Amino acid sequence: MRKREIIMWTINIALVGAIILFFVINSNSSQYTSKMTIKSQATTSLPVKSASVGTNTNANIVPKNNTISTTPSYTLAEVSQHNNETSCWTIIDGKIYDITSYIYSHPAGVNKILQGCGVDATKMYGRVGAHDVARLANTFVGNLK
Ligand code: HEM
């Protein structure tokens, strides 16, 4: 009888231990998941402008581990290096776009689009009704310093 009681107690203690272990592991992994969620929200949902260095007005919501990516910025001199068909950066309304991949598919010809490489093409680009800055969003490389 005594032996049976000892066995029962051992089983009980093992069971309680297993349950506690389960909760400990589970709470750790959910903490991890919520951290990951915060990180991915921070890097994707913040507007690019507010994440830029020096002008961050949302400093109070920036996580301490610095997971927010910053928007690069370049001087006109740097942009002007990318002035040909192998690398064509252009400035439109203070934003820099790498439009190299558009050069050979430009509907008005290669020479027309090349005029905008390495320079501020705000006026040139704005003159054409068919141009739409929103179309260039995926070619954005940074802001003009
Ligand atoms: C800053 C660089 C660019 C410059 C300087 C430029 C210049 C021009 C010019 C001068 C025209 C008018 C041609 C004419 O009426 O005879 C034109 C037309 C056009 N461009 Fe650009 N362009 C640039 C970038 C782009 C890009 C990146 C796209 C596409 C995403 C694009 C799409 C078009 C389209 C659709 C037209 C109209 C063509 C037509 O009406 O047949 N351009 N461009």
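No experiment lies behind these values; they were computed from the predicted model shown.

1. Here we look at unusual backbone geometry
Here is step 1: Within the chain, Asp93 stands out as a residue other than glycine whose phi angle is a positive 50°.
Here is step 2: Tracing the chain through its elements places Asp93 in the loop between β3 (87–92) and β4 (95–98).
Here is step 3: Classification of Asp93 by relative accessible area gives exposed; the value is 58%.

2. Some points on the coordination of the iron atom of the ligand
Here is step 1: Within the protein, His106 (NE2) and His131 (NE2) serve as the donor atoms for the iron atom of the ligand, at 2.0 Å.
Here is step 2: Geometry at the iron atom of the ligand is octahedral, judged from its six donor atoms and the angles of 82 to 179° they form at the metal. Note that His106 is positioned in the loop between β4 and α3 (110–114) and His131 in the loop between α4 (122–126) and β5 (140–144), a separation of 25 residues in sequence.
Here is step 3: Residue class for His131 comes out partly exposed when judged on its relative accessible area of 26%.

3. Things to note about the layout of surface pockets
Here is step 1: Its volume calculated, the largest pocket comes out at about 530 Å³.
Here is step 2: For the largest pocket, the lining is made up of 21 residues, of which His106, Ile113, Tyr125, Val128 and His131 are closest to its centre.
Here is step 3: The set of elements that each furnish at least two residues to the lining of the largest pocket consists of β3, α3 and α4.
Here is step 4: Its residues assigned to classes, the lining of the largest pocket shows 12 nonpolar, six polar and three charged.

What counts and what doesn't
Residues numbered from 1 in each chain as written. Predicted model: local features only at pLDDT ≥ 70, side-chain atom pairs only at ≥ 80, totals over all residues. Heavy atoms only, no water. Helix = DSSP H or I, 4+ residues; strand = E, 2+ residues; numbered from the N terminus. Buried < 20%, exposed > 50% of the residue type's maximum accessible area, 1.4 Å probe, protein only. Donors = N, O, S within 2.8 Å, 3.2 Å for Na, K, Ca; no water. Tetrahedral: all angles 85-135°; square planar, octahedral: opposite > 155°, others 65-115°. 1 Å grid on protein atoms, 1.4 Å probe; cavity = no way out; pocket = protein on both sides within 12 Å on 5 of 7 lines; lining within 4 Å. Points joined across faces, edges and corners; volume = space filled by probe spheres on them. Nonpolar A, V, L, I, M, F, W, Y, C, P; charged D, E, K, R; others polar.

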